Amino acid sequence: MFNFNSQHVIVTGGTRGIGAGITESFLKAGATVVATYSGNDEAAQKFKDHLSSFGDKLILKKFNVANASEVEAFFSDFDKQFPSLEILINNAGIRRDQIVASMGEGDWDAVIDTNLKGTYNMTKFAVLTMMKNRYGRIVNMSSVGGKLGLPGQANYAASKAGQIAMSLSVSKEVAKRNITINNVCPGFIETELIKDLPDEQVKEYKSQVPMKRFGKVEEVSHAVLFFASKEASYITGATLDIAGGLNA
Ligand code: NAP
């Protein structure tokens, strides 16, 4: 669909689920991709083996996006290894659902730290690198949950709404440098992130989706590649729902 030849892409959480789909789509479109993850070495290696035909165009890096010094060290290596960074996809994310009255501080902090602070950490260093070439595309993996606010997801909804709010500020800061930042908001997408939902809840959620089904990873990656393309040059601070009609 789009041509990313000679472009360098970072996809956080790019070895599993939606991120893995995005990594694969960028590779097929000609990019070199650094796919990051935080701990699941087995899944990362399996993913690398699956895409072995792309050789050294796929690089895996393991670090915690919530940890500022690990992120700084990652970018320091990245800047030595690659001539430029064209695209950052802030995809890494977690859920720790619980009604607010029972939510422990640890679950609040873990979700905000990974989903929102992780987006800040990665965006800060990416912008510094992108500014040198006066070009960049950043896409945040937000969620319709950040706009609808599902029960049990106060931490998750706050983190996802925070990504959108953050992008509005950053978009205005970097627009003159030809850097855009946009958000996609998937609804329910079939990945391990939502595998723990009880059958009854899955049935209930599907009945609420006007298309009466959950989405596929490819249905998210197509939208991400559009925002990341050169063609999306006049779009910034925008948010696109990919939710089968389940819109806020
Ligand atoms: P997933 O299958 O659970 O994969 C999550 C990925 O993020 C993994 O690669 C994981 O690494 C990585 N990750 C988690 N915490 C990290 C950290 N602290 N530092 C670095 N990497 C970390 O999740 P998914 O369903 O693909 O979701 C991806 C994104 O889409 C998330 O931001 C999620 O909120 C959003 N989203 C998902 C849905 C859905 O229905 N699935 C809907 C809306 C939005 P390891 O493999 O090492 O664990």
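Residues numbered from 1 in each chain as written. Predicted model: local features only at pLDDT ≥ 70, side-chain atom pairs only at ≥ 80, totals over all residues. Heavy atoms only, no water.

Attention shifts here to the overall build of the chain. Scanning the chain from N- to C-terminus turns up eight helices and seven strands. Relative to a compact globule of 248 residues, whose C-alpha radius of gyration would be 18 Å, the chain shows 17 Å and is just as compact. When the backbone C-alpha atoms are referred to their principal axes, the chain occupies close to 50 × 40 × 35 Å. Among the 248 residues that make up the chain, the fraction classed as buried is 52%. Relative to all contacts within the chain whose residues are 6 or more apart in sequence, the contacts with residues 24 or more apart total 77%. Approximately 11600 Å² of the chain is accessible, and the part contributed by carbon and sulfur atoms is 52%. Taken together, the 27 basic and 26 acidic charged side chains of the chain have centroids lying 6 Å from each other. (Helix = DSSP H or I, 4+ residues; strand = E, 2+ residues; numbered from the N terminus. Rg over C-alpha atoms; globule rule 2.2 N^0.38 Å. Buried < 20%, exposed > 50% of the residue type's maximum accessible area, 1.4 Å probe, protein only. Contact = heavy atoms within 4.5 Å. Areas by Shrake-Rupley, 256 points an atom, 1.4 Å probe, with all protein chains shown as cover. Lys, Arg positive; Asp, Glu negative; His and termini not counted. Charge placed at Lys NZ, Arg CZ, Asp CG, Glu CD.)

What follows covers the packing of aromatic side chains. Inspection of every chain in the model, using the stated rule, returns twelve aromatic pairs. Here the aromatic rings of Phe-4 and Phe-26 are separated by 5.0 Å at their centres, their planes lie at 80°, and the arrangement is edge-to-face. Placement of the pair is Phe-4 in the segment before strand S1 (8-11) and Phe-26 in helix H1 (residues 17-28), with a sequence separation of 22 residues. You'll find Phe-4 and Phe-26 in the same group, each marked buried. (Phe/Tyr/Trp six-rings, centres within 6.5 Å; stacked < 30°, edge-to-face > 60°.)

The parallel open sheet is built from seven strands, whose spatial order is S3-S2-S1-S4-S5-S6-S7. Lying at the two open borders of the sheet, with one neighbouring strand each, are strand S3 (58-62) and strand S7 (239-242). Across this sheet, the average inter-strand angle for adjacent strands is 20°, counted without regard to direction. Here strand S6 (residues 179-186) runs beside S7; their pairing, made up of four bridges, is parallel. Residue pairing for S7: Val-184 is matched across the bridge by Leu-240. (Pairing = 2+ DSSP bridges. Axes fitted to C-alpha atoms, helices over the stretch in contact; angles between N-to-C directions.)

Here the focus is the environment of Asn-40. Within the secondary structure, Asn-40 sits in the loop between strand S2 (32-37) and helix H2 (41-50). Residue class for Asn-40 comes out partly exposed when judged on its relative accessible area of 35%. As a C-alpha pair, Asn-40 and Lys-62 span 22 residues in sequence and 9.0 Å in three-dimensional space. A polar contact is formed between the side chain of Asn-40 and the backbone nitrogen of Ala-43, at a distance of 3.0 Å. (Polar contact = N/O pair within 3.5 Å; in protein donor to acceptor, adjacent residues only side chain to side chain.)

To continue, consider the site of the ligand. Around the ligand, a shell composed of 29 residues is seen, among which Arg-16, Ile-18, Gly-39, Tyr-156 and Thr-191 lie nearest. At a separation of 2.7 Å, an oxygen atom of the ligand approaches a polar backbone atom of Gly-39. At 2.8 Å, a backbone N or O of Asn-40 approaches an oxygen atom of the ligand. For the ligand, whose accessible area on its own is 900 Å², the fraction buried by protein is 94%. Of all elements in the fold, only H1 and helix H6 (154-174) reach the threshold of two or more residues within the shell around the ligand. (Near = heavy atom within 4 Å.)

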